[in-house]
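So you can see what is in the structure, the chains are spelled out below.
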Amino acid sequence: MTHPQTRREFLRTTATAAGAVGLGLVGGPARVMGGTAPAPMKILVLGGTGFIGPHTVRHALSRGHTVTLFNRGRTNPHLFPELEKLVGDRDGDLAALEGRRWDAVVDNSGYVPRHVRDSAELLADSGRYLFVSSISAYKDLAPAGITEDYEVGRLDDPAVEEVTGTTYGPLKALCEDAVREVFGERANIVRPGFIVGPGDPTDRWTYWPVRVSMGGDMAVPGTPGDPVQFIDARDLGSWLVGMLEDGVGGVFNGAGPVQPLGMGAFLETCRDAGGGDPAFHWIDAEFVQEREIRFPIRGPATGEFGGAHRIDISRAIATGYRSRPVADTVRDTLEWWNGLTEEDRPGRALRAGPRKAGAAGGRTVSTEAMLNLETELLEAWAARA
């Protein structure tokens, strides 16, 4: 799904595409996503039923491709009953893949290098291998404008396989190495930033439109001009399929929107598209940090993660990546959130929101607890002022 380009956007994208060779693209020319599909492909998706997988699968099917899923059959097994489903495990049970070949492989479930190498070697005769990595693969996210050539993180012990907050990024980097070593120029590495939209299990981005819809006095760390980057899972899925169709290889950052976005404009979009009448109170980021309070997807503009929302995406744009209007992502995410049942999310509690540093992530926190913490922060800021 794309949205109409302005003349300025068209000229900028055309100029970017003209420099695709200099950006290190391997494969076909840049194009607008959603154009005429080439000959149908056979695509294997390792995973495919979590968050980003279904969006990728649906877009591939809409383009006339044949999709096969390989997973353990535990996550959302009801999805895609019409597709061929191969059951196995990345950790030692790849028998269902033996002797098979696909035009392209999409790996969005690889976290351990050994697992990724095993699948890549077994599928080496397939056409292309697209591995979904992360911007966490970089050694840090300190500078603004990080390109795909920035140094990645490394483990002191490459044999480590436990995925933690510390090892996640370096392990992704080792997974990338494994794919490139096996597939060479037929490898495609995508490093997304925050992946958002309907179905996001983390609630990190979802917190903001949901909180805005509640209205009232709302604490926001930083300034309205602070940049914010994210990629709608549906845009990510269509972009991945588009690169496979064009035979594009290489390494690409995956973030958006295509047009730079500030936090203030983002929150105003949340208000206009999703409703609510909040009063935004901007609080100095260092003050928030001193009080050891963390907000989802927000952080200090300096330090190890200062460039997390300033990632360079010119290579992605050159391949034809487009981002839908932010308002669409806001509306669709709120529609999904408001449709959750008590069974889906007991107490309709968010899994992300303002919380004290050190609090366990990934667990739901009551709306009352989050609003109380926000009130305490607002009162402290008012007293300081």
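Residues numbered from 1 in each chain as written. Predicted model: local features only at pLDDT ≥ 70, side-chain atom pairs only at ≥ 80, totals over all residues. Heavy atoms only, no water.

Participant: How do you make sense of the pairing of strand β2 (residues 66-71) when you look at a structure like this?
Facilitator: Sheet faces and side chains relate simply in a regular strand, where the side chains alternate between the two faces. Burial runs high along β2: five of the six residues are buried. By the bridge criterion, five bridges tie strand β1 (residues 42-46) to β2 in an arrangement that is parallel. Bridging across to β2, leucine 44 finds its partner in threonine 68. One crossover worth recording links β1 to the parallel β2 by way of helix α2 (residues 52-62), and it is right-handed. As defined by bridge partners, β2 adjoins strand β3 (residues 84-87) across four bridges and the pair is classed as parallel. Following the sheet pairing, leucine 69 is matched in β3 by lysine 85. (Buried < 20%, exposed > 50% of the residue type's maximum accessible area, 1.4 Å probe, protein only. Helix = DSSP H or I, 4+ residues; strand = E, 2+ residues; numbered from the N terminus. Pairing = 2+ DSSP bridges. Right-handed = clockwise from strand over helix to strand, strands pointing away.)

Participant: Any chance you could explain the packing of aromatic side chains here in plain terms?
Facilitator: Two numbers describe a pair of aromatic rings. These are the distance of the centres and the angle of the planes. In the structure shown here, the tally under the stated rule is twelve aromatic pairs. A ring pair is formed by phenylalanine 230 and phenylalanine 266, whose centres lie 5.6 Å apart and whose planes are at 50°; its orientation type is tilted. A residue pair is termed long-range when its members are at least 10 positions apart, and phenylalanine 230 in the loop between β8 (216-221) and β9 (231-232) and phenylalanine 266 in helix α7 (residues 263-274) qualify at 36 residues. Comparing phenylalanine 230 with phenylalanine 266, the two get one shared label, buried. Relative to phenylalanine 252, the ring of tryptophan 239 lies with its centre 6.4 Å away and its plane at 80°, an arrangement referred to as edge-to-face. (Phe/Tyr/Trp six-rings, centres within 6.5 Å; stacked < 30°, edge-to-face > 60°.)

Participant: Would you explain the sheet that holds β3 in this entry?
Facilitator: The strands making up a sheet are joined through hydrogen bonds of the backbone, oriented either antiparallel or parallel. Taking strand neighbours across the sheet as the criterion, the seven strands line up as β3-β2-β1-β4-β5-β6-β10 in an open arrangement whose pairing is parallel. Of all strands in the sheet, those bounded by a partner on one side alone are β3 and β10 (250-254). On average, adjacent strands in this sheet sit at an angle of 20° to one another, irrespective of strand direction. Pairing of strand β6 (residues 187-192) with β10, which is carried by five bridges, proceeds in the parallel orientation. From the neighbouring strand, arginine 191 faces β10, where its bridge partner is asparagine 253. Contacts from helix α3 (residues 113-122) reach β1, β4 (104-107) and β5 (128-132) within the one sheet, and its direction differs from that of β5 by about 165°. (Axes fitted to C-alpha atoms, helices over the stretch in contact; angles between N-to-C directions. Contact = heavy atoms within 4.5 Å.)

Participant: I would appreciate a short explanation of the pattern of salt bridges in the present structure.
Facilitator: Pairs can form between side chains of opposite charge whenever their charged atoms are close. Inspection of every chain in the model, using the stated rule, returns 23 salt bridges. Across the pair aspartate 149 and arginine 315 runs a salt bridge, and its minimum N-O distance is 3.4 Å. Of this pair, aspartate 149 sits in the loop between β5 and α4 (168-183) while arginine 315 is found in helix α9 (residues 314-318), placing the two residues 166 residues apart along the sequence. Classification of aspartate 149 by relative accessible area gives exposed; the value is 63%. Judged by relative accessible area, which is 12%, arginine 315 ranks as buried. In this structure, the salt-bridge partner of arginine 298 is aspartate 226, at a minimum N-O distance of 3.4 Å. Taken together, the residues span a long stretch of sequence, with arginine 298 in the loop between β12 (293-294) and α9 and aspartate 226 in the loop between β8 and β9 at a distance of 72 residues. Like arginine 298, the residue aspartate 226 is buried in the burial classification. Salt bridges sharing partners connect three or more residues here, namely Arg154, Glu176, Asp177, Arg180 and Arg191. (Salt bridge = Lys/Arg side-chain N within 4 Å of Asp/Glu carboxyl O.)

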